[in-house]
Amino acid sequence: MEKHIVKADGNGAIDVNGQVSPVTYTVSLKQGKGRSYEVDIRLMAPRDWLLQRGFERDAVQVIQSGARIPVYHDGGSHNDDSSRHDVGRLDAADTISIELTARDDSCTSDAQISRVQRRRRITQKLQHSVTGRKQRYSRRQAAAGRRS
């Protein structure tokens, strides 16, 4: 049985052939085999949006930290006529909402998990700081516009 250690949602972007759109995603950290850990990233994207951008099997997920992670459509149409559908390749016969996933099982120690969690906290603090600065700048610009 899989043991979830951490599960969190995030906001990022999906890049399909150079066309970027905001998206939410879920990251989960699970106990793997032995002393290893697995990191899963999952997101949902509209099938038609993906097809319009030339998506076939993979895209790039840009997570909150700015890291770019390949995500994949595990494929398979839900139709019984498998001869019509190239396994793994997205087409109009697939469900309307498509799940894209990434899995990384490279974390093999508690120290690596601690480093990942520490980087995440630092990234969140930086993002909060940048957001605050943008808001203060916008308020100053609005106030300056009212004065002139």
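The present account deals with the structure reproduced in this document. The structure displayed is predicted, hence computed values, not measured ones. (Residues numbered from 1 in each chain as written. Predicted model: local features only at pLDDT ≥ 70, side-chain atom pairs only at ≥ 80, totals over all residues. Heavy atoms only, no water.)

1. A short note on the overall build of the chain
- Secondary structure assignment for the chain yields two helices and six strands.
- When the helices and strands of the chain are placed in sequence order, the string is β-β-β-α-β-β-β-α.
- Buried positions account for 32% of the 148 residues belonging to the chain.
- Taking the contacts inside the chain whose residues are at least 6 apart along the sequence as the reference set, 57% of them involve residues at least 24 apart.
- Of the roughly 10,100 Å² that the chain leaves accessible, carbon and sulfur atoms contribute 50%. (Helix = DSSP H or I, 4+ residues; strand = E, 2+ residues; numbered from the N terminus. Buried < 20%, exposed > 50% of the residue type's maximum accessible area, 1.4 Å probe, protein only. Contact = heavy atoms within 4.5 Å. Areas by Shrake-Rupley, 256 points an atom, 1.4 Å probe, with all protein chains shown as cover.)

2. Describing the side chain of Arg47
- Turning to its location among the elements, Arg47 is positioned in helix 1 (residues 47–52).
- On the basis of relative accessible area, Arg47 is assigned to the buried category, the value being 12%.
- With sequence-adjacent residues up to four places away left out, Arg47 is seen in contact with Leu90, Asp91, Ala92, Asp94, Thr95, Ile96 and Ile98.

3. Some remarks on the environment of Gly66
- Among the structural elements, Gly66 can be located in the loop between strand 4 (58–62) and strand 5 (68–72).
- Placed 53 residues apart in sequence, Gly66 and Ala13 show a C-alpha to C-alpha distance of 9.4 Å.

4. A look at the pairing of strand 4
- Judged from the five bridges that link them, strand 4 and strand 5 form a sheet pairing that is antiparallel. Pairing of Val60 across the sheet is with Pro70, part of strand 5.
- Linking two consecutive strands that pair antiparallel, namely strand 4 and strand 5, is a turn of five residues; a positive phi of about 95° is found at Gly66 within it. (Pairing = 2+ DSSP bridges.)

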